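Here is how the chains run, residue by residue.
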Protein chains: 2
Amino acid sequence: MRGEPLDAETIVSATEEVLRRHGPEKTTVLDVARLLGVSHGSVYRHFPSKAALREAVIRRWLDRVREDLAATVQDSELTPPDRLRGLLTAMFATKWTKAREDPELFATFRALAAEHSTVSSAHVAFLLAQIRAIVVDGIADGDFAAGEPDAIARAILNATSRFHDPTHAAEWHSPEVEAESTDVISLILNGIRTR
Amino acid sequence: MRGEPLDAETIVSATEEVLRRHGPEKTTVLDVARLLGVSHGSVYRHFPSKAALREAVIRRWLDRVREDLAATVQDSELTPPDRLRGLLTAMFATKWTKAREDPELFATFRALAAEHSTVSSAHVAFLLAQIRAIVVDGIADGDFAAGEPDAIARAILNATSRFHDPTHAAEWHSPEVEAESTDVISLILNGIRTR
């Protein structure tokens, strides 16, 4: 048994470790409690279920992703087209790296996305809002043609599904994926800029 | 036992029926033989495995899809932008209808696509060639900006994955999918047309 009081953050870190070892299917609350040297009741006091634990791990990862992406979007030295290119490139790279280097955590994220978990929907809403903010700035600056920012942002997210939607993860091992994503980003930027 | 000699086409039709009843996982060669009232040896004489049977069913469906789509592309009354819009719209509608109205056959197609079956790769190659042909015509007519037709066709197929890739079938039940696909097609057409 551990000396320190058990906090939620410690449990999330332990769950992350267990998920990496056993994968999302086989991980149990008992595994997490064992790694921490506590009873499973102690874990349940913070997280009511295995699903809640799994969500907390992915929420923490996505919080970090959002911080990094928001920094890309807010770089006011860049023009809106360059910011959009930067945001999309960073969005894709984050997903590809996680899928390759941390496959069990990525599989957990993928399962949540397939279940339409609020953690995953909130992340999509964040991405849409970031794209929309750049579209609004670009229209105001005259870089992008006038249009409905919500619909444009949604179309951009939809047109790049292949590069960020976890359902496509198996294709991200292809050596062509980077060049293909660059071509789609250029197509999109051409599609929204002022004529 | 049937009187007529058993031909491949009859076996493919019977397999289609069995797939609709039992789904791709549970269908066996014996089920097909039973429906035809023949020994499973008679089926094996035409198709060496369950996988070959499954492929033959999907190949026949895709052959029909290709005939219909090729007709769309070859309508020379229309401008290249209208032909591209027509081809993409028809491509999506065919997949959506199959996924909704013939879910077990669509699941069979989806399994083949996930396994990178030659039947599915050949279909992707066909779609790319059709898009490429319109892009070439559009560049020649001055409707589309100059560029590398292979890369442009690939980018168009990639930018529309959400609407034709079977991995997204669960999202095709959304009432918004049609409007969202229209917005992506407009984004693409804007992206490739001459400035």
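Keep in mind the model is a prediction, meaning the values are calculated, not measured.

**Thoughts on the pattern of salt bridges**
Item 1. Inspection of the entire model under this criterion finds 30 salt bridges over all chains.
Item 2. The salt bridge involving A:Lys98 is made with A:Asp102; its shortest N-O contact spans 3.0 Å.
Item 3. Take A:Asp102: its relative accessible area is 10%, and that puts it in the buried class.
Item 4. Here B:Arg59 makes a salt bridge to B:Glu55, at a shortest N to O gap of 3.7 Å.

**Digging into the relation of the copies chain B and chain A**
Item 1. Expressed as a screw transformation, the operator carrying chain B onto chain A has a rotation angle of 180° and an axial translation of 0.0 Å, and the superposed copies differ by an RMSD of 0.0 Å. Here the transformation between the copies is reduced to the relation of a two-fold axis. No C-alpha of chain B approaches the rotation axis more nearly than that of B:Gly191, which lies at 1.7 Å.
Item 2. Taken together, the interface assignments show that 100% of the residues at the interface of chain B recur at the interface of chain A, consistent with an identical surface on both copies.

**Points about the nonpolar core**
Item 1. If you look at the biggest cluster of nonpolar residues, it comprises 118 residues, and the most contacted ones within it are A:Leu84, A:Ile131, A:Ile156, B:Leu84, B:Ile131 and B:Ile156.
Item 2. Those residues within four positions of B:Leu84 in sequence are excluded, and the remaining contacts are B:Ile131, B:Ile134, B:Phe144, B:Ile156, B:Leu189 and B:Ile192.

**Focus: the domain arrangement of chain A**
All names here are of chain A.
Item 1. Each assigned domain of chain A is listed with its residue range as follows: domain 1 (1-48) and domain 2 (57-192).
Item 2. Inter-centroid distance (C-alpha atoms) of domain 1 to domain 2 is 31 Å.
Item 3. Domain 1 puts nine residues into the contact, and the matching count from domain 2 is eight residues.
Item 4. Summing both sides of the interface, domain 1 and domain 2 together bury roughly 840 Å²; the carbon and sulfur share of this comes to 57%.
Item 5. Between the two partners, domain 1 and domain 2, sit three salt bridges.
Item 6. Here Asp102 and Arg20 are joined by a salt bridge, their closest N and O atoms 2.7 Å apart.
Item 7. Our count for the domain 1 to domain 2 interface comes out at four residue pairs in polar contact (both at pLDDT 80 or more).
Item 8. When grouped by side-chain class, the residues that make up the side of domain 1 that touches domain 2 number three nonpolar, three polar and three charged.

About the cut-offs
Residues numbered from 1 in each chain as written. Chains lettered and ligands numbered in written order. Predicted model: local features only at pLDDT ≥ 70, side-chain atom pairs only at ≥ 80, totals over all residues. Heavy atoms only, no water. Salt bridge = Lys/Arg side-chain N within 4 Å of Asp/Glu carboxyl O. Buried < 20%, exposed > 50% of the residue type's maximum accessible area, 1.4 Å probe, protein only. Least-squares fit on C-alpha atoms with pLDDT ≥ 70 in both. Contact = heavy atoms within 4.5 Å. Core = buried A, V, L, I, M, F, W, Y, C linked by side-chain atoms within 4.5 Å. Domains from an automatic or database assignment. Buried area = accessible area lost by both parts, 1.4 Å probe. Polar contact = N/O pair within 3.5 Å; in protein donor to acceptor, adjacent residues only side chain to side chain. Nonpolar A, V, L, I, M, F, W, Y, C, P; charged D, E, K, R; others polar.

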